[in-house]
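Take a look at the letters that make up each chain.
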Amino acid sequence: MKKQQRADLVQQRLADLYPDPPIPLDHKDEFTLLVAVLLSAQCTDKKVNEVTPELFRQGPTPEKMRDLGEPAILQIIRPLGLSKQKAKHVAKLSEIIVDQHDSKVPQSFEGLEALPGVGHKTASVVMSQAFGVPAFPVDTHIHRLAQRWGLSSGKSVVQTERDLKNLFPESTWNDLHLQIIFYGRQHCTARGCDGTKCGLCQELYPRRKTPVVWIKP
Ligand code: SF4
């Protein structure tokens, strides 16, 4: 099976499994989504969803979050990994959004990536899920699945993003990003797999006998 045929099959199967994938991080608007995505670095969405109700109750807008300040933010998000650094970033980016962006989350990759703690992946999630702009945020899970399904070589997350964007129609990127994440969580975890147990891999690689080796980002 050629790479494009594998991509088409993956897209079809994931659309059947997850026809309307929900956004896993609880949020109320683009600002709270940006903060939730930032908090989710090296942390599960479930854990983030446990602390954000109180954080967004006290800091629902950039102004209120800025006024809340780093120590109070830290107090609320302490159960999360890297909490000190994240509290610092949330306080600072709130201040920048108020002072430099008229209290609105910037609607561009450049504007978002200039904010503290916001890298290309976080900016891509916000662009796609808050503003509906086609993007393909690649995290370690998508990087892993793309290799196991033979859609990318795993050279780097930048390369994986490029490969996936070339293989799938732009109109499907936003849903596919979520569908791959859901599939990874439910079936294709970071633990090793011999690449034969799911129906999907059996269809993609019917003659596969040896375990799939994947390169971490
Ligand atoms: S067979 Fe293994 S590698 Fe393939 S999708 Fe299932 S868990 Fe992932």
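Residues numbered from 1 in each chain as written. Predicted model: local features only at pLDDT ≥ 70, side-chain atom pairs only at ≥ 80, totals over all residues.

## Description of the overall build of the chain
A tally of regular secondary structure across the chain gives 11 helices and zero strands. In sequence order, the chain lays out its α and β elements as α-α-α-α-α-α-α-α-α-α-α. The C-alpha radius of gyration of the chain comes to 19 Å, within 12% of the 17 Å expected for a compact globule of 217 residues. Its C-alpha atoms give the chain principal-axis dimensions of about 60 × 30 × 30 Å. A sequence separation of at least 24 residues applies to 57% of the contacts in the chain between residues at least 6 apart. (Helix = DSSP H or I, 4+ residues; strand = E, 2+ residues; numbered from the N terminus. Rg over C-alpha atoms; globule rule 2.2 N^0.38 Å. Contact = placed C-beta atoms within 7 Å.)

## Some thoughts on the site of the ligand
In the region of the ligand, the neighbouring residues are Arg148, His187, Cys188, Cys193, Gly195, Thr196, Lys197, Cys198, Leu200, Cys201 and Val212. Residues belonging to the shell around the ligand are distributed by class as follows: six nonpolar, three polar and two charged. (Near = placed C-beta within 6 Å. Nonpolar A, V, L, I, M, F, W, Y, C, P; charged D, E, K, R; others polar.)

## Quick notes on the UniProt feature "domain: HhH-GPD" (unreviewed entry) in the chain
According to UniProt, the feature "domain: HhH-GPD" (unreviewed entry) maps to residues 39-186 in the numbering used here. In residues 39-186, helix accounts for 66% and strand for 0%; the two terminal C-alpha atoms are 22 Å from one another. (UniProt positions renumbered as here; feature names shortened; annotations may be inferred.)

## Overview of the nonpolar core
Counting residues in each nonpolar core, the largest one holds 51 residues, and the members touching the most others are Leu34, Ile73, Val90 and Val126. When we break this core down by domain, the ones giving at least three residues each are domain 1 (3-21 + 136-204) and domain 2 (30-129). Setting aside residues no more than four positions away along its own chain, Leu34 makes contact with Val105 and Val126. (Core = buried A, V, L, I, M, F, W, Y, C linked by C-beta atoms within 7 Å. Buried ≥ 20, exposed ≤ 12 C-beta atoms within 10 Å, placed from the backbone. Domains from an automatic or database assignment.)

## What to know about the environment of Pro206
As for its position among the elements, Pro206 is in the segment after helix H11 (199-204). The exposure class of Pro206 is exposed, given the 9 C-beta atoms found within 10 Å. Residues Pro206 and Lys104, spaced 102 residues apart in sequence, show a C-alpha to C-alpha distance of 50 Å.

## Quick look at unusual backbone geometry
For Gln42, which is not glycine, the phi dihedral falls at a positive 50°. Mapped onto the elements, Gln42 comes out in the loop between helix H2 (30-39) and helix H3 (45-58). Classification of Gln42 as exposed rests on a count of 9 C-beta atoms within 10 Å. The backbone of Leu82 shows a phi angle near 55°, a positive value even though the residue is not glycine. Taking the number of C-beta atoms within 10 Å as the measure of exposure, Leu82 has 14 and is therefore partly exposed.

## A short note on the domain arrangement of the chain
One can read the domain layout of the chain as domain 1 (3-21 + 136-204) and domain 2 (30-129). The gap between the C-alpha centroids of domain 1 and domain 2 is 28 Å. Taken residue by residue, the interface counts six residues in domain 1 and four residues in domain 2. Grouping the constituent residues of the side of domain 1 that touches domain 2 by class yields three nonpolar, two polar and one charged.

## Here we look at helix H7 (residues 120-129)
Think of an α-helix as turning once every 3.6 residues; residues three or four places apart then point the same way. Within H7, eight of the 10 residues are buried, which leaves it mostly tucked inside the rest of the structure. The set of residues buried in H7 consists of Thr122, Ala123, Ser124, Val125, Val126, Met127, Ser128 and Gln129. Lining the buried residues of H7 we find H2, helix H6 (109-113) and helix H10 (173-186).

## Topic: the packing of helix H8 (residues 140-148) against H10
Closest axis-to-axis distance for the H8/H10 pair is 9 Å, and the angle between their directions is 80°. The orientation of H8 relative to H10 falls into the category roughly perpendicular. Between H8 and H10, the contacting residues are His141, Ile142, Arg144 and Leu145 on the first element and His177, Ile180, Ile181, Tyr183 and Gly184 on the second. A per-class count over the contact of H8 with H10 returns five nonpolar, three polar and one charged. (Axes fitted to C-alpha atoms, helices over the stretch in contact; angles between N-to-C directions. Parallel < 35°, antiparallel > 145°, perpendicular 65-115°, else oblique.)

## Structural notes on the packing of H2 against H7
Two numbers describe how H2 lies on H7: the axes approach to 10 Å, and their chain directions differ by 150°. One finds that H2 runs roughly antiparallel with respect to H7. Relative to H7, H2 is oriented so that their crossing is right-handed. For the pair formed by H2 and H7, the contact residues are Glu30, Leu33, Leu34, Val37 and Leu38 on the first element and Thr122, Val125, Val126 and Gln129 on the second. Partitioned by chemical class, the residues of the contact of H2 with H7 number six nonpolar, two polar and one charged. (Left-handed = near helix turned anticlockwise from the far one by under 90°.)

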